[in-house]
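# Survey of secondary and tertiary structure
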Amino acid sequence: MSLNRAIAPPYTISRSFSLPKATRLLLKENFAAYTFDKVQQALVKVDVVYRAGRWHEETRGVSHFTSQMLEKGTREKSASQVAEWFDRFGAHVETSSGADYASVSLYSLTDKISNVLPLFMELLKAPSFPEDELELLKSIYLQNLQVNKEKNSYVAGQLIRKILFGENHPYGSSVEEQDLLSVDTSSIRSFYQQCYEPAYIFITGHMPESLMAQFLQEMSSTDKKNSDAIHQHDHSQRASENIYVRKEGSIQTSIRIGTRSINRAHQDYFAFLLANHLLGGF
C-alpha cells in the first residue's frame, strides 16, 4: 500500500506529560544543589549561579565585567592557558550576567569531566582578574556598544526599560561609555568578594559521586560575605509615556509596548512564565 502524501496524517494533542525529577541537596542556608543524571548523552553540564546581577552592584557595569573576567586567568594559569586546557579536552566554559543573577557554566564530555572540573573550580575560587584582560574586554564592549546603537531593536529595548523602571534602577539602566571609566580591577575584586557566594548549583548528566562530593564541598566552603543583602532601589511606578525616535536612513521600525507585572516572588510567577512562552515567548 503506497503512502498518499496528499492526505495529512492525523493530528493529536498530548494532554499530559511528566518531567523527570531532579534531586535537591541543601548544602547550607541559602545554597542548594540540584542533580539530574537521567541524561542519555555522554555529557555533563555544571551551572553555578550567584546573586551577582546588576541589582547588587554599586558601580554600574561591574557585575557584567566581573562575570566576564572569571575565565580570564587564575593565580596559577593565564587566560590563554585556561582556554588551551579546556580546548584540549573538548570542554567549554560560558559566563552570563543579568539583572538579578550571574552564572558560570561548564560543558564537558562525561569521560573528561575529571580532567576539567578542577580548573573550573579554580576559576570560581581563585580568579586573578588581570588588568590587560579587563582593558581588552572593555575595548570589545565599547565596539559592540557602538554597533548596537545603530540597531533599532537595541535602542528600543533600552528605552522601554528606562521608561518602565527609570534610568537609575538596575532594571532600567544600561552600561554606557562613560560608565567604563569607573570599572577597574579594584571594583571587580570588591564585587567578587561581596557577591560571589553560590546561590544554586545545577549538575546535569552523570558525574562520579566522589568527584561530585568534592566539588560540592569545595563550592559550599566560602569566606565571602552574605550576597543576599537587601539593596534599596526606587520602586515607584513610572508615568505612562510615549516616545518616538526618528533614525535617519533606517528602513526598519521597532515598537515596544510594556507595563510592569508580577515579579519572581509572586506565587503565580512560574505559571505566568509558562503561559508567556506558550503565547510566543516575549
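Let us look at the structure shown here. None of the values given here were measured: they were computed from a predicted structure.

Before going further, it helps to spend a moment on the packing of helix α1 (residues 62-69) against helix α6 (residues 185-195). Look at α1 against α6: their axes get within 9 Å of each other, and the N-to-C directions meet at 85°. For the element pair α1 / α6, the angle class is roughly perpendicular. Counting all contacts with α1, which are made through V62, S63, F65, T66 and M69, the residues of α6 involved are S187, I188, F191 and Y192. Here the contact of α1 with α6 is composed, by residue class, of six nonpolar, three polar and no charged.

In this section: the environment of K72. Inspection of the secondary structure assignment puts K72 in the loop between α1 and α2 (79-88). For the pair K72 and F129, spaced 57 residues apart in sequence, the C-alpha to C-alpha distance is 6.7 Å. For K72, the contacting residues outside a window of four places in its chain are A79, S128, P130, E133 and L137.

This part is about the packing of helix α3 (residues 113-125) against helix α7 (residues 209-220). Between α3 and α7, whose axes approach to 11 Å, the crossing angle comes to 0°. In terms of orientation, α3 lies roughly parallel with respect to α7. Between α3, through I113, S114, L117, F120, M121, L124 and K125, and α7, the contact on the second element is made entirely by L211, Q214, F215, E218 and M219. Within the contact of α3 with α7, the residues separate by chemical class into eight nonpolar, two polar and two charged.

Strand order in the open sheet formed by six strands is β1-β2-β6-β3-β5-β4, and the pairing between neighbours is mixed. Two strands in the sheet have a free side with no partner beyond their single neighbour: β1 (23-28) and β4 (92-97). Adjacent strand axes in the sheet meet at a mean angle of 15°, parallel and antiparallel pairs treated alike. Both strand β2 (residues 31-36) and strand β6 (residues 198-204) contribute to a ladder of five bridges, which runs parallel. When the bridges of β6 are listed, A33 appears paired with I201. Of the strands in this sheet, β4 and β5 (102-109) are in contact with α1, which crosses β4 at around 175°.

To continue, consider the nonpolar core. By size, the foremost hydrophobic cluster in this structure holds 48 residues, and its most contacted members are F86, L106, F120 and F215. A per-element tally of this core places α3 first, with eight residues. The contact partners of F86, leaving out residues within four places of it in the chain, are A91, V93, L106, V116, L119, F120 and L123.

Further remarks concern the pattern of salt bridges. A full pass over the atoms with the stated rule returns six salt bridges. Between K45 and D47 there is a salt bridge whose closest N-O contact spans 3.6 Å. Taking relative accessible area as the criterion, D47 reaches 12% and is therefore assigned buried. The salt bridge partner of K138 is E135, with a shortest N-O separation of 3.8 Å. Of this pair, K138 and E135 both sit in helix α4 (residues 131-148), separated by three residues, roughly a single helical turn. You can call E135 partly exposed: its relative accessible area is 40%.

Once that is clear, we can look at unusual backbone geometry. Most peptide bonds take the trans configuration, and most residues that are not glycine carry a negative phi. At F129, a position not held by glycine, the phi torsion is positive, near 50°. In this fold, F129 is placed in the loop between α3 and α4.

We now examine the pairing of β6. Pairing of strand β3 (residues 43-50) with β6, which is carried by six bridges, proceeds in the antiparallel orientation. Pairing of K45 across the sheet is with T204, part of β6.

A large share of β3 lies buried, amounting to six of its eight residues. Across eight bridges, β3 lies against β5 in antiparallel orientation. Note on β5: the bridge partner recorded for V48 is V104.

Next up on the list: the packing of aromatic side chains. All told, the structure shown has 13 aromatic pairs when counted by the stated rule. Centre to centre, the rings of F129 and Y192 are 5.5 Å apart; their planes meet at 70°, and the pair counts as edge-to-face. With F129 in the loop between α3 and α4 and Y192 in helix α6, this pair connects stretches of sequence that are 63 residues apart. Here Y192 falls in the buried class, since its relative accessible area comes to 4%. Three or more aromatic residues joined by ring pairs form one cluster here, namely Y50, F129, F191, Y192 and Y196.

The rules behind these values
Chains are numbered independently. Their residues run from 1 in the order of the written sequence. Residue-level local features of this predicted model are given only where pLDDT is at least 70; pairs of side-chain atoms are given and counted only at 80 or more, and the full residue set underlies all totals for whole chains, interfaces and linings. Each side-chain value is worked out from all heavy atoms of the structure, with water and hydrogens disregarded. Each axis is a line fitted through C-alpha atoms, taken for helices only over the stretch in contact, and angles between the N-to-C directions span 0 to 180 degrees. Put simply, DSSP marks the helices as runs of H or I at least four residues long and the strands as runs of E at least two long, and each gets a number from the N terminus on. Relative orientations are named as follows: roughly parallel for angles under 35 degrees, roughly antiparallel for angles over 145 degrees, roughly perpendicular for angles from 65 to 115 degrees, and oblique for any other angle. Residue contacts are counted whenever heavy atoms from the two residues lie within 4.5 Å of one another. Residues are grouped as follows: Ala, Val, Leu, Ile, Met, Phe, Trp, Tyr, Cys and Pro are nonpolar; Asp, Glu, Lys and Arg are charged; all remaining types, including Gly, are polar. A strand pair is defined by DSSP finding two or more bridges across the two strands. Put simply, buried Ala, Val, Leu, Ile, Met, Phe, Trp, Tyr and Cys residues joined by side-chain atoms within 4.5 Å make one nonpolar core. Three labels apply to residues, based on accessible area from a 1.4 Å probe with only protein chains included: buried if under 20% of the type maximum, exposed if over 50%, partly exposed otherwise in between. Any carboxyl oxygen of Asp or Glu within 4 Å of a side-chain nitrogen of Lys or Arg constitutes a salt bridge here. Between the rings of Phe, Tyr and Trp (Trp by its six-membered ring), a pair exists once the centres lie within 6.5 Å; its type follows the angle of the planes, with under 30 degrees stacked, over 60 edge-to-face, and the other angles tilted.

What is shown is where atoms sit, not what they do.
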